[in-house]
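One-letter residues, chain by chain:
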Amino acid sequence: MSAGRLVIQVGLPKAASSALQFWCDAQRTRLLAEGVDYPDPRSPHLMRKHSRLVPELLDGHADTLAQDVAASRSPTVLVSNEGFSVRYPAFSRQARPALIAAAGGRRITLFLISREPGPWLRSLWAQGILNAPMQGRPPMTDAFEAFAARPETQRMLDLPAVAAGMQAMTGADQVVQATAEGDWLGALLSLLGVAPRPDDAPPRAHRAAPAHTIELVRRVMAQAGDQPGPVRMALL
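Residues numbered from 1 in each chain as written. Predicted model: local features only at pLDDT ≥ 70, side-chain atom pairs only at ≥ 80, totals over all residues. Heavy atoms only, no water.

**Observations regarding the sheet that holds strand S4 (residues 107-114)**
Argument step 1. What the five strands build is an open sheet, ordered S2-S3-S1-S4-S5; its pairing is parallel. Each of the sheet's edge strands pairs with one partner strand only, and the pair in question is strand S2 (36-37) and strand S5 (174-179).
Argument step 2. Pairing geometry for S4 and S5, over six bridges, is parallel. By the bridge assignment, serine 114 is partnered in S5 with threonine 179. (Pairing = 2+ DSSP bridges. Helix = DSSP H or I, 4+ residues; strand = E, 2+ residues; numbered from the N terminus.)

Given below as structure tokens:
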């Protein structure tokens, strides 16, 4: 199918992405009836994001996305991976042509949800402390102030530059933005052309850990030496 649109929900992390993914996955039949295909995420864990998208773009291809788009008969295909907004500067040079080819002639639109900077930074820092690091990376044990001062953290705070960078990388026709504090679901449904319902309410996917728990984990992990994995498991 050559006509139509590919919508990619690109983040930000810790800004309603998981709630969006759970909602879209639970509403797949309804969305299909209204011309929107949210492909099976085929995720190895409980999260309902399209987890292969970002790793494949880092490697310079988009094979899973290409398969999903080619198999769809819906006017709109919607995929979601909040890691896109974090990792896109590291994508392979082949990522852009691979993504455009995977879209199969569909125009590409990005959907970006942001959040108030203060609470967002706190949530992002807590996630870095509590979650296991990506393979090959050390655990994150920075104090909040050091984390907030990191160049990569500061880059994410420049939302216009992030949106422009992702639009240039993908060749998207536009970046539609919403906020986690606002009606992001309404904005998404409007973008997709899906009629809202009075009972539409996305789930709350995560709840914040207490501040003292985060600080305890951070301090212990800083002393964990070369065995951070077992220490994290014992704590959490």
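**Details of the packing of helix H6 (residues 95-102) against helix H10 (residues 159-170)**
Argument step 1. Across the interface, H6 lies against H10 with an axial gap of 8 Å and an inter-helix angle of 70°. Judged by the inter-axis angle, H6 sits roughly perpendicular to H10. Here Ala95, Arg96, Leu99 and Ile100 of H6 come into contact with H10, specifically with Ala168, Met169 and Thr170.
Argument step 2. Within the contact of H6 with H10, the residues separate by chemical class into five nonpolar, one polar and one charged. (Axes fitted to C-alpha atoms, helices over the stretch in contact; angles between N-to-C directions. Parallel < 35°, antiparallel > 145°, perpendicular 65-115°, else oblique. Contact = heavy atoms within 4.5 Å. Nonpolar A, V, L, I, M, F, W, Y, C, P; charged D, E, K, R; others polar.)

**Looking at the environment of phenylalanine 144**
Argument step 1. One can find phenylalanine 144 in helix H8 (residues 144-149).
Argument step 2. Sequence separation between phenylalanine 144 and leucine 124 is 20 residues; the distance between their C-alpha atoms is 9.8 Å.

**What to know about the packing of aromatic side chains**
Argument step 1. Applying the stated criterion across every chain, the model contains two aromatic pairs.
Argument step 2. For the pair phenylalanine 84 and phenylalanine 91, a centre-to-centre distance of 5.1 Å together with 85° between the ring planes defines the contact as edge-to-face.
Argument step 3. According to the relative accessible area criterion, phenylalanine 84 is buried, its value standing at 0%.
Argument step 4. Looking at phenylalanine 91, the relative accessible area reads 10%, which means it is buried.
Argument step 5. Aromatic side chains tryptophan 125 and phenylalanine 144 sit 5.7 Å apart centroid to centroid with 80° between the ring planes, which places their arrangement in the edge-to-face category. Of the two residues, tryptophan 125 is situated in helix H7 (residues 117-130) and phenylalanine 144 in helix H8; the sequence distance between them amounts to 19 residues. Exposure class is identical for tryptophan 125 and phenylalanine 144. Each is buried.
Argument step 6. The positively charged end of arginine 122 is found above the aromatic ring belonging to tryptophan 125, 6.0 Å away from the centroid. (Phe/Tyr/Trp six-rings, centres within 6.5 Å; stacked < 30°, edge-to-face > 60°. Buried < 20%, exposed > 50% of the residue type's maximum accessible area, 1.4 Å probe, protein only. Lys NZ or Arg CZ within 6 Å of the ring centre and 35° of its normal.)

**Let's talk about unusual backbone geometry**
Argument step 1. Backbone torsion omega between glycine 11 and leucine 12 reads 0°, so that peptide bond is classified as cis.
Argument step 2. Residues other than glycine seldom take positive phi values, yet lysine 14 does so here, at roughly 60°.
Argument step 3. Within the secondary structure layout, lysine 14 lies in the loop between strand S1 (5-11) and helix H1 (17-26).
Argument step 4. Look at alanine 16: it is not a glycine, yet its phi comes out positive at around 75°.

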